[in-house]
Amino acid sequence: MAASIKAAPSSSSSGKFLTLHRPRPLPPSKPARFAVGPSPARRLRSTISCTLTRDAAVRMDEPAHALRPDSFGRFGKFGGKYVPETLMYALAELESAFHALAGDDEFQKELEGILKDYVGRESPLYFAERLTEHYKRPNGEGPHIYLKREDLNHTGAHKINNAVAQALLAKRLGKKRIIAETGAGQHGVATATVCARFGLQCIIYMGAQDMERQALNVFRMRLLGAEVRPVNSGTATLKDATSEAIRDWVTNVETTHYILGSVAGPHPYPMMVREFHAVIGKETRRQALEKWGGKPDVLVACIGGGSNAMGLFHEFVGDEDVRLIGVEAAGFGLDSGKHAATLTKGEVGVLHGAMSYLLQDEDGQIVEPHSISAGLDYPGVGPEHSFLKDVGRAEYYSCTDEEALEAFKRLSRLEGIIPALETSHALGFLEKLCPTLPDGVKVVLNCSGRGDKDVQTAIKYLKV
Ligand SMILES: Cc1ncc(COP(=O)(O)O)c(C=O)c1O
């Protein structure tokens, strides 16, 4: 493993990891090439050739899904570790601990026990009968819609799966000071919760604007004993909170573990956070088999950094007959310049320690994102999603603020479930997706969180 750490790309100790820069173009003789094929499924089976570093194109004679990530922490050309030297040791230590604990029966048993008795897993796979009815065509045909109920987890969202596992990992590393960033406050609440449970000091960085939008969650975090530090720089949202958390980590790395809240950031976070959420997809496979004796045909999830989507998708990436659909925030519209549709409108660059699609201007400066939902209001996305998009394995679409608000209301009225505004983006996309699906197709949508935290926001827009 030491070799992979040494070879991992680093932006040196200049501290520039927080600023965005476009990668230099690849030399023409070594393009980032993907085998072309008539369908995503055919492409997956094919051998692919893609870049491991910016300097060398490496042929990988393996199916794409077996290489996520490679030993450099890269998903094709995405991912890596663009961090100052001060963090390299901590990242290496984290990666070693993660691999060691993956094979540690005692750790696995402890984690399983907490997921069951504290988090409340497994979460149900619920047949949304009235939502299914809503999408029936005049001839009675239409898809069947199921919700994976991550909103029923303790603290009300998927985020706790990762927070609980990382807190256990921090304990094993002997680190008693925990930091985290949060947008919607769900990851902050999950982190504050597990810190209370394990007796760890907890500091949460949160954009000042998000603190206003998510006042309920700020109170919850404080009640749980966490210190919430407002971040006023930039747009005072998730990107700025993440930058501040990384700054803290650089300064206090000896004593502090950073519980990063999505499949973003430098390696090993995108892989590790995905693995801690993979329980979502594993349960879904088992539950689908029990309920209809097969697999889901289509998986749908909203995309902020991409953790709830990767948690659902990961189990099925190798199942070429299962469609994977991620839904980003289109804000005021894709052409408005005020959205967070990174995969739809972004370009490749580096932010918060990893290469991925980003919203950036011609000079490589971040374009400030916008979404009504704080948890999707981020100009980047996890590197694995960028990879899955480029190889054609997953599809990415978007949903506007207005469409998400409509979906927020629709699920509340049809199913008695008030979804998070983040989740409402995935729900909003059903309006476009369902009319295109054949009769009886099984759709599983990740109900990533509950909407209590968003009621204050929704009151401003919805007349009910
Ligand atoms: C309920 C809920 N869903 C989705 C997200 C988006 O994050 P991710 O894309 O990492 O799942 C958030 C982020 O805060 C959230 O709170």
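Look up: the structure comes first, before these words.
What follows covers the overall build of the chain. Of regular secondary structure, the chain possesses 18 helices and 16 strands. Out of the 464 residues in the chain, the part that is buried amounts to 61%. As displayed, the chain has an accessible area near 17800 Å², and 52% of this comes from carbon and sulfur atoms.

Before going further, it helps to examine the environment of Tyr-396. Along the chain, Tyr-396 falls in strand 15 (residues 394–400). For Tyr-396, a relative accessible area of 11% translates into the label buried. Sequence separation between Tyr-396 and Ile-325 is 71 residues; the distance between their C-alpha atoms is 5.7 Å. A polar contact of 2.7 Å, which involves the side chain of Tyr-396, links it to the side chain of His-385.

Another point: the sheet that holds strand 16 (residues 442–446). Sheet architecture is open: six strands sit in the order 5-6-16-11-12-15, paired in mixed fashion. Bordering the open sheet on either side are strand 5 (125–127) and strand 15, each of which pairs with just one other strand. The mean angle between the axes of side-by-side strands here comes to 25°, regardless of whether they run parallel or antiparallel. Pairing of strand 6 (residues 144–148) with strand 16, which is carried by five bridges, proceeds in the parallel orientation. In the strand pairing of strand 16, Leu-147 is matched with Leu-445. On top of the sheet, helix 16 (residues 401–415) reaches strand 5, strand 6, strand 12 (323–331) and strand 15; it is set at about 90° to strand 15, its chief contact.

This part takes up the pairing of strand 7 (residues 177–182). Judged by how many residues are buried, strand 7 sits mostly within the fold: six of six residues are covered. The alternating pattern of strand 7 places Arg-177, Ile-179 and Glu-181 on one face and Ile-178, Ala-180 and Thr-182 on the opposite face, and all of these are buried. Pairing geometry for strand 7 and strand 8 (residues 201–207), over six bridges, is parallel. In the strand pairing of strand 8, Ala-180 is matched with Ile-204.

Attention now moves to the site of the ligand. Surrounding the ligand, one finds 18 residues, the nearest of these being Ser-262, Gly-304, Gly-306, Ser-307 and Ser-448. Interatomic distance of 2.7 Å between a backbone N/O atom of Gly-306 and an oxygen atom of the ligand. At a separation of 2.7 Å, an oxygen atom of the ligand approaches a polar side-chain atom of Ser-307. Burial of the ligand by the protein chains amounts to 97% of its free accessible area of 390 Å². Taken together, the residues of the shell around the ligand break down into five nonpolar, 11 polar and two charged.

This part is about helix 3 (residues 85–102). Across its 18 residues, helix 3 extends 26 Å between first and last C-alpha, which sits within 8% of the 26 Å expected from 1.5 Å per residue. Among the residues of helix 3, Leu-87, Met-88, Ala-90, Leu-91, Ala-92, Leu-94, Glu-95, Ala-97, Phe-98 and Leu-101 are the ones counted as buried.

What follows deals with the nonpolar core. By size, the foremost hydrophobic cluster in this structure holds 86 residues, and its most contacted members are Trp-249 and Tyr-269. Ignoring anything within four residues of it in the chain, the contact list for Trp-249 reads Leu-87, Ala-90, Leu-91, Ile-179, Thr-256, His-257, Tyr-258 and Tyr-269. Tyr-135, Val-298, Leu-376 and Leu-445 belong to the second-largest nonpolar core, a separate cluster that totals 30 residues.

Let us look at the side chain of Thr-182. For Thr-182, the location among the structural elements is in strand 7. Taking relative accessible area as the criterion, Thr-182 reaches 1% and is therefore assigned buried. For Thr-182, the side chain forms a polar contact with the main-chain nitrogen of Gly-188, separated by 3.0 Å. Ignoring any residue separated from it by four or fewer positions in sequence, one finds Thr-182 in contact with His-187, Gly-188, Ile-204, Tyr-205, Met-206, Gly-207, Asp-210, Met-221, Leu-238 and Ala-241.

This brings us to helix 17 (residues 421–433). A rise of 1.5 Å per residue sets the reference length of helix 17, with its 13 residues, at 18 Å; its end C-alpha atoms lie 19 Å apart and thus fit the reference within 8%. With 11 of its 13 residues buried, helix 17 lies for the most part within the structure. When we look at burial in helix 17, the residues that qualify are Leu-421, Glu-422, Thr-423, Ser-424, His-425, Ala-426, Leu-427, Gly-428, Phe-429, Leu-430 and Leu-433.

Bringing the environment of Phe-75 into the picture now. With respect to the secondary-structure elements, Phe-75 resides in strand 3 (residues 74–75). Distance in space between the C-alpha atoms of Phe-75 and Met-355 is 9.6 Å, their sequence separation being 280 residues. Apart from the residues within four sequence positions on either side, Phe-75 is in contact with Arg-68, Pro-69, Pro-270, Met-271, Arg-274, Pro-383, Glu-384 and Phe-387.

Conventions adopted
Residues numbered from 1 in each chain as written. Predicted model: local features only at pLDDT ≥ 70, side-chain atom pairs only at ≥ 80, totals over all residues. Heavy atoms only, no water. Helix = DSSP H or I, 4+ residues; strand = E, 2+ residues; numbered from the N terminus. Buried < 20%, exposed > 50% of the residue type's maximum accessible area, 1.4 Å probe, protein only. Areas by Shrake-Rupley, 256 points an atom, 1.4 Å probe, with all protein chains shown as cover. Polar contact = N/O pair within 3.5 Å; in protein donor to acceptor, adjacent residues only side chain to side chain. Pairing = 2+ DSSP bridges. Axes fitted to C-alpha atoms, helices over the stretch in contact; angles between N-to-C directions. Contact = heavy atoms within 4.5 Å. Near = heavy atom within 4 Å. Nonpolar A, V, L, I, M, F, W, Y, C, P; charged D, E, K, R; others polar. Expected span 1.5 Å × (residues − 1). Core = buried A, V, L, I, M, F, W, Y, C linked by side-chain atoms within 4.5 Å.

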